[in-house]
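# Analysis of the macromolecular model
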Amino acid sequence: MASPNKQQKRAHRAKAKAKQNRIQRAVAAKPDAFAGDDSRIDLESVDLTELFVEMRSAGEISQQALCAVFLAHPLLALVLEQEGEEEATDFILAALIEYRQWATDTDDEAAALAWIESPEFQADYVAASQALALSQD
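Reading the values: the criteria
- Residues numbered from 1 in each chain as written.
- Predicted model: local features only at pLDDT ≥ 70, side-chain atom pairs only at ≥ 80, totals over all residues.
- Heavy atoms only, no water.
- Helix = DSSP H or I, 4+ residues; strand = E, 2+ residues; numbered from the N terminus.
- Buried < 20%, exposed > 50% of the residue type's maximum accessible area, 1.4 Å probe, protein only.
- Arc of directions from axis to C-beta.
- Core = buried A, V, L, I, M, F, W, Y, C linked by side-chain atoms within 4.5 Å.
- Contact = heavy atoms within 4.5 Å.
- pLDDT = per-residue confidence, 0-100.
- Phe/Tyr/Trp six-rings, centres within 6.5 Å; stacked < 30°, edge-to-face > 60°.
- Axes fitted to C-alpha atoms, helices over the stretch in contact; angles between N-to-C directions.
- Left-handed = near helix turned anticlockwise from the far one by under 90°.
- Nonpolar A, V, L, I, M, F, W, Y, C, P; charged D, E, K, R; others polar.
- Patch = residues over 30% accessible without salt bridge, like charges linked within 9 Å, V, L, I, M, F, W, Y side chains within 5 Å.
- Areas by Shrake-Rupley, 256 points an atom, 1.4 Å probe, with all protein chains shown as cover.
- Salt bridge = Lys/Arg side-chain N within 4 Å of Asp/Glu carboxyl O.
- Lys, Arg positive; Asp, Glu negative; His and termini not counted.
- Charge placed at Lys NZ, Arg CZ, Asp CG, Glu CD.

Per an unreviewed UniProt entry, the chain goes by the name Phage tail assembly chaperone protein, TAC and belongs to Pseudomonas azadiae.

The following block contains the structure:
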């Protein structure tokens, strides 16, 4: 077994290499998220602008309508199918935060999270989810 100092140096090099790889991937041109050559989507390169526009239009009717548009979007079913429930939940939360920042034209993540965690939003989200579940049965 290597000495603790050597293990620490190896860990540091591995961490630096991983960071370098992440930076190189981020800089490289990303292919279309829905390209036909791969059955999986690249969640980091998905453009959600079209969905956000639909959500904003529905939000003019009600917050529950906004949630219904979001939940009915085919991308969510695809994410759930490919990534599983835990990753899908992370994606949903990130997408809702990104939507709120986009809709309010601010980078305040705490305010976006407060909106998502508000009792009003939670009630509308659950109601929209239940209505969608009933319509699919």
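## Thoughts on unusual backbone geometry
Positive phi values are uncommon outside glycine, yet D105 reaches one of about 55°. Relative to the helices and strands, D105 is located in the loop between α5 (85-104) and α6 (109-117).

## Here we look at helix α2 (residues 49-59)
Of all the positions in α2, only L51, F52, M55 and A58 are classed as buried. What you see down the axis of α2 is that its buried residues fit within an arc of 125°, all on one side.

## A look at the nonpolar core
Counting 24 residues, the largest nonpolar core has L48, M55, F70 and F121 as the members making the most contacts within it. If you list the elements that add at least two residues to this core, you get α2, α3 (63-72), α4 (74-83), α5, α6 and α7 (119-136). No other element matches α5, which puts six residues into this core. Those residues within four positions of F121 in sequence are excluded, and the remaining contacts are Q63, L66, C67, L96, W115 and I116.

## Here we look at the confidence of the model for the chain
On average, residues of the chain score 81 in pLDDT, and 69% of them are at 70 or above. At the low end of the mean pLDDT range in the chain sits helix α1 (residues 4-27), at 66; at the high end sits α3, at 94. Note on residues 29-38: pLDDT is under 50 here. Beyond four places in sequence and across chains, it has 13 contacts.

## Some details on the packing of aromatic side chains
Think of a pair of aromatic rings as described by two things: how far the centres are apart, and how the planes are tilted against each other in angle. In this structure the tally under the stated criterion is six aromatic pairs. Judged by centre distance (5.5 Å) and plane angle (65°), the rings of F52 and Y99 are edge-to-face. Taken together, the positions of F52 in helix α2 and Y99 in helix α5 put the pair 47 residues apart, joining distant regions of the chain. Each member of the pair, F52 together with Y99, is buried. F52 sits in the buried class, given a relative accessible area of 2%.

## Quick look at the packing of α4 against α5
Working note: a packed helix pair is described by the angle between its axes plus the distance between those axes. The interhelical angle for the contact between α4 and α5, taken along N-to-C directions, is 145°, at an axis separation of 7 Å. With respect to the hand of their crossing, α4 and α5 are arranged in right-handed fashion. Along its contact with α4, which presents L75, L76, V79, L80 and E83, the element α5 presents E85, E87, A88, F91 and I92. Looking at the contact of α4 with α5 residue by residue, the class counts come to seven nonpolar, no polar and three charged.

## Structural notes on a negative patch on the surface
Negative charge collects at one region of the surface, where D47, E50, E54 and E98 lie side by side. Within the secondary structure layout, E54 lies in helix α2.

## Here we look at α3
Listed in full, the buried residues belonging to α3 are L66, C67, F70 and L71. Along the long axis of α3, the arc covered by the buried residues comes to 125°, so they all point the same way. Where α3 is buried, its residues meet α2, α4, α5, α6 and α7.

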